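Here is how the chains run, residue by residue.
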Amino acid sequence: MPDAAAIVLSLAATLGVYAAARAFQRRIGSVVLHPVLVSIIVLIVALRMLGIEYEDYDRGGRVLTFLLGPAVVALGLPLHRQMEEIGRKRNAVLLTILVGSVAGALTATVTAALLGASDEVIRSLIPRSVTTPIAIGIAGRVGGLPALSAAVSILTGVLGAVIGPPLLRALGIRSPTAFGLALGAAAHGVGTARAAEEGDVEAASAALAIGLMGVFTAVLAPLAIGVLLRLGWLN
Amino acid sequence: MWRYPLSFLVLLAFLFAGDALAHAARLPLPGSVLGMLLLAGSLRLGWIRPALVQPAAELLIRHMALLFVPAGVGLMTYFGLLGREWLPVVAASIVSTVTVMAVVGWMQQRLERDA
């Protein structure tokens, strides 16, 4: 198939499936049926049934993947606004997210290693709690599989948005800043959408957590690899 | 309408600067993350106004979920690996999500009370 036709077809398919998945979720009102999750499953099934290779689909898909770069840069705008807004809580927030980032990478990799995961899978799990576009970038840098990191990041977002609010209430978290930060740090974009249902402070705190989690995890990921190598969890 | 292409070009310039800096300084950070930090820093120092990047930035952020669909579809090339290792992947995701949520929520509330 000529290149232009392949690009147009796969872009049209991706946009169409995504738009339909979003309309479907709006009607059903379910967090579990996240449109990204539904779109990925539908597209994989469709490509399999039609016998289309991923490489051919990705000639168009790459166009959207490229836009993730400027989209991550764009997060600098809410990051700046939220840092100004959070004011004197800034140091507490920085410390909290730093600890959260270390806890996320360590618990994920140690759990996977204890259950006998392979090196590639363990490396792919390091950026798990990070927003998907940044997770893809980190995975490529630490020898993980970017597609696996993307999928795990999306799954984490959906999982965190579902179990987050009841878990935080059970723990007695009443501070709106703490509530939003926890949802953003553990479940990035999907968690932020969920936090926005609670209130403005929650939404802003969650957005801040996404940016900081991405930065801290990107900086710490190579260090985490070093620690895991030294402990013999990785080869 | 020219505000959209202009703001998009500014974002691309920051992406390029982030990539170049990561490469030149051999930093273990994705260029896009550095670009994000450079943008936040430039806004904070007042080098550029938020309105300069706002149109494209808000459009990209609003539809960011769509942008990682193709990367997720790439999972189909790893089905063999996932078939063997789904248990550690799922278990690690659950353990780690609960830990991050609890640690961040609890610690932030604690620090605010002490302040």
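Predicted, not measured: the structure shown is a model, and the values here were computed from it.

Novice: Provide a residue-level description of the overall build of chain A, including the pertinent values.
Specialist: Counting its regular elements, chain A contains ten helices and zero strands. In chain A, the order of α-helices and β-strands from amino to carboxyl end is α-α-α-α-α-α-α-α-α-α. For a compact globule of 235 residues, the expected C-alpha radius of gyration is about 18 Å, and chain A comes in at 19 Å, within 12% of that figure. The C-alpha extent of chain A, read off along each of the three principal axes, is 55 × 45 × 30 Å. Evaluated residue by residue, chain A yields a buried proportion of 56% over its 235 residues.

Novice: An account of the packing of helix H3 (residues 54-74) of chain A against helix H2 (residues 31-44) of chain B is requested, with residue identities and associated values reported.
Specialist: Two elements in contact, H3(A) and H2(B), have axes separated by 7 Å at closest approach and are oriented at 35°. Two packed elements cross with a definite hand, and for H3(A) against H2(B) that hand is right-handed. Contact residues: H3(A) offers A:Gly69, A:Val72, A:Val73 and A:Ala74, while H2(B) offers B:Ser32, B:Val33, B:Gly35, B:Met36 and B:Leu39. Broken down by class, the residue content of the contact of H3(A) with H2(B) amounts to six nonpolar, three polar and no charged.

Novice: Give a detailed account of the interface of chain A and chain B, specifying residues and quantitative values.
Specialist: The extent of an interface is frequently quoted as the accessible surface area lost upon association of the parts. Listed by partner, the interface residues are 97 residues for chain A and 69 residues for chain B. Of the roughly 7,100 Å² buried at the junction of chain A and chain B (both faces included), carbon and sulfur atoms supply 80%. Viewed at the interface, chain B and chain A are joined by three salt bridges. Of the charged contacts in the structure, one is a salt bridge between B:Glu112 and A:Lys89, with a shortest N-O distance of 4.0 Å. The interface formed by chain A and chain B contains twelve residue pairs in polar contact (both at pLDDT 80 or more). Ranked by the residues each element gives to the side of chain A that touches chain B, the list is headed by H3(A), at 15 residues. Its residues placed into classes, the side of chain A that touches chain B shows 63 nonpolar, 23 polar and eleven charged.

Novice: I'd like a rundown of the pattern of salt bridges, residues and numbers included.
Specialist: According to the stated counting rule, one finds eight salt bridges over all chains in the structure shown. Close ionic contact of A:Glu84 with B:Arg44 constitutes a salt bridge, the shortest N to O distance being 3.3 Å. Residue A:Glu84 is found in helix H4 (residues 76-86), and its partner B:Arg44 is found in helix H2; the two belong to separate chains. Judged by relative accessible area, which is 43%, A:Glu84 ranks as partly exposed. With a closest N to O distance of 3.3 Å, A:Glu197 and A:Arg194 form a salt bridge. Connected through shared salt-bridge partners, A:Arg169, A:Arg194, A:Glu197 and A:Glu198 make up one network.

Novice: Could you give me a rundown of the nonpolar core, with the residues and numbers involved?
Specialist: Counting residues in hydrophobic clusters, the biggest one holds 100 residues, and the most contacted among them are A:Ile97, B:Leu11 and B:Val73. A total of twelve residues in this core trace back to one element, the largest contributor, which is helix H10 (residues 200-231) of chain A. Excluding residues that lie within four positions of it along the chain, B:Leu11 makes contacts with A:Pro70, A:Val73, A:Ala74, B:Leu39, B:Val53, B:Ala56, B:Ala57 and B:Leu60.

Novice: Run through the packing of helix H1 (residues 3-24) of chain B against helix H3 (residues 50-62) of chain B, naming residues and quoting values.
Specialist: All names here are of chain B. Put simply, H1 and H3 touch, their axes get as near as 7 Å, and they point 85° apart. Classified by the angle their axes make, H1 and H3 are roughly perpendicular. Contacts between H1 and H3 involve Arg3, Tyr4, Leu6, Ser7, Phe8, Val10 and Leu11 from the former and Leu52, Val53, Pro55, Ala56, Ala57, Leu59 and Leu60 from the latter. Its residues placed into classes, the contact of H1 with H3 shows twelve nonpolar, one polar and one charged.

Novice: Could you give me a rundown of the packing of aromatic side chains, with the residues and numbers involved?
Specialist: What characterises a pair of aromatic rings is the spacing of the ring centres plus the angle enclosed by the ring planes. Residues and elements named next belong to chain A. Scanning the entire structure with this criterion turns up one aromatic pair over all chains. Relative to Tyr57, the ring of Tyr54 lies with its centre 6.1 Å away and its plane at 40°, an arrangement referred to as tilted. In this pair, Tyr54 and Tyr57 are both assigned in helix H3, three residues apart and thus about one turn of the helix distant. The class for Tyr54 is buried, based on a relative accessible area of 13%.

Cut-offs used in this document
- Residues numbered from 1 in each chain as written.
- Chains lettered and ligands numbered in written order.
- Predicted model: local features only at pLDDT ≥ 70, side-chain atom pairs only at ≥ 80, totals over all residues.
- Heavy atoms only, no water.
- Helix = DSSP H or I, 4+ residues; strand = E, 2+ residues; numbered from the N terminus.
- Rg over C-alpha atoms; globule rule 2.2 N^0.38 Å.
- Buried < 20%, exposed > 50% of the residue type's maximum accessible area, 1.4 Å probe, protein only.
- Axes fitted to C-alpha atoms, helices over the stretch in contact; angles between N-to-C directions.
- Left-handed = near helix turned anticlockwise from the far one by under 90°.
- Contact = heavy atoms within 4.5 Å.
- Nonpolar A, V, L, I, M, F, W, Y, C, P; charged D, E, K, R; others polar.
- Buried area = accessible area lost by both parts, 1.4 Å probe.
- Salt bridge = Lys/Arg side-chain N within 4 Å of Asp/Glu carboxyl O.
- Polar contact = N/O pair within 3.5 Å; in protein donor to acceptor, adjacent residues only side chain to side chain.
- Core = buried A, V, L, I, M, F, W, Y, C linked by side-chain atoms within 4.5 Å.
- Parallel < 35°, antiparallel > 145°, perpendicular 65-115°, else oblique.
- Phe/Tyr/Trp six-rings, centres within 6.5 Å; stacked < 30°, edge-to-face > 60°.

By themselves these figures say nothing about function.
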